[in-house]
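# Analysis of the macromolecular model
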Amino acid sequence: MSEPKRSYKQLETLLTIVLILTTVDFIIFLLFAGAGVIWVKVITAIFAIGIPVLCLAFLILIGEWLRQRSLWLTTGFGSILVCTIVSLICNFPSPLP
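In this text, all values refer to a predicted model and were calculated from it rather than measured experimentally. (Residues numbered from 1 in each chain as written. Predicted model: local features only at pLDDT ≥ 70, side-chain atom pairs only at ≥ 80, totals over all residues. Heavy atoms only, no water.)

Moving on, we come to a nonpolar patch on the surface. On the surface, a nonpolar cluster with roughly 520 Å² of combined accessible area is contributed by Ile20, Val24, Ile27, Ile28, Leu31 and Phe32. Counting through the fold element by element, Phe32 comes out in helix H1 (residues 3-35). Residue classification places Phe32 among the partly exposed residues on the basis of a relative accessible area of 32%. (Patch = residues over 30% accessible without salt bridge, like charges linked within 9 Å, V, L, I, M, F, W, Y side chains within 5 Å. Areas by Shrake-Rupley, 256 points an atom, 1.4 Å probe, with all protein chains shown as cover. Salt bridge = Lys/Arg side-chain N within 4 Å of Asp/Glu carboxyl O. Helix = DSSP H or I, 4+ residues; strand = E, 2+ residues; numbered from the N terminus. Buried < 20%, exposed > 50% of the residue type's maximum accessible area, 1.4 Å probe, protein only.)

This part covers unusual backbone geometry. Backbone torsion omega between Phe92 and Pro93 reads -5°, so that peptide bond is classified as cis. In this structure, Asn91 is a non-glycine residue whose phi angle is positive, near 55°. Residue class for Asn91 comes out partly exposed when judged on its relative accessible area of 42%.

In this structure the tally under the stated criterion is three salt bridges. Close ionic contact of Arg67 with Glu64 constitutes a salt bridge, the shortest N to O distance being 3.2 Å. When its relative accessible area of 6% is taken as the criterion, Glu64 is described as buried. A salt bridge links Glu64 to Arg69, with the nearest nitrogen and oxygen atoms 2.6 Å apart. Classification of Arg69 as partly exposed rests on a relative accessible area of 40%. One network of salt bridges, with partners in common, ties together Glu64, Arg67 and Arg69.

On to the packing of aromatic side chains. Counted under the stated rule, the structure contains one aromatic pair. A cation sits over an aromatic face here: Arg69 above Tyr8, 4.1 Å from the ring centre. (Phe/Tyr/Trp six-rings, centres within 6.5 Å; stacked < 30°, edge-to-face > 60°. Lys NZ or Arg CZ within 6 Å of the ring centre and 35° of its normal.)

This is the structure:
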């Protein structure tokens with residue numbers, strides 16, 4: 001395999017792992033938001049917003065964010081970011097009174 005293809009493959013593997021971990025963090029955010037544990041909700045929300053923003057900025061910086069081969073990474077990080085922000089604005093899920 002040539003060097004550019006190997007380099008992209010390593011980048012894709014790393015960002016895929018980060019995307020999976022961010023998705024797990026978002027699920028933990030939803031679970032604890034629904035349970036009413038505010039301090040865990042805040043910490044996981046910070047990570048669920050911060051990590052996708054950093055990864056999207058990185059993809060923009062290296063010029064991969066609109067390429068066909070990296071579009072799924074851009075969509076994945078953008079989706080987690082938007083879902084977290086909408087969840088915080090709508091206060092969903094919230095514990096039952």
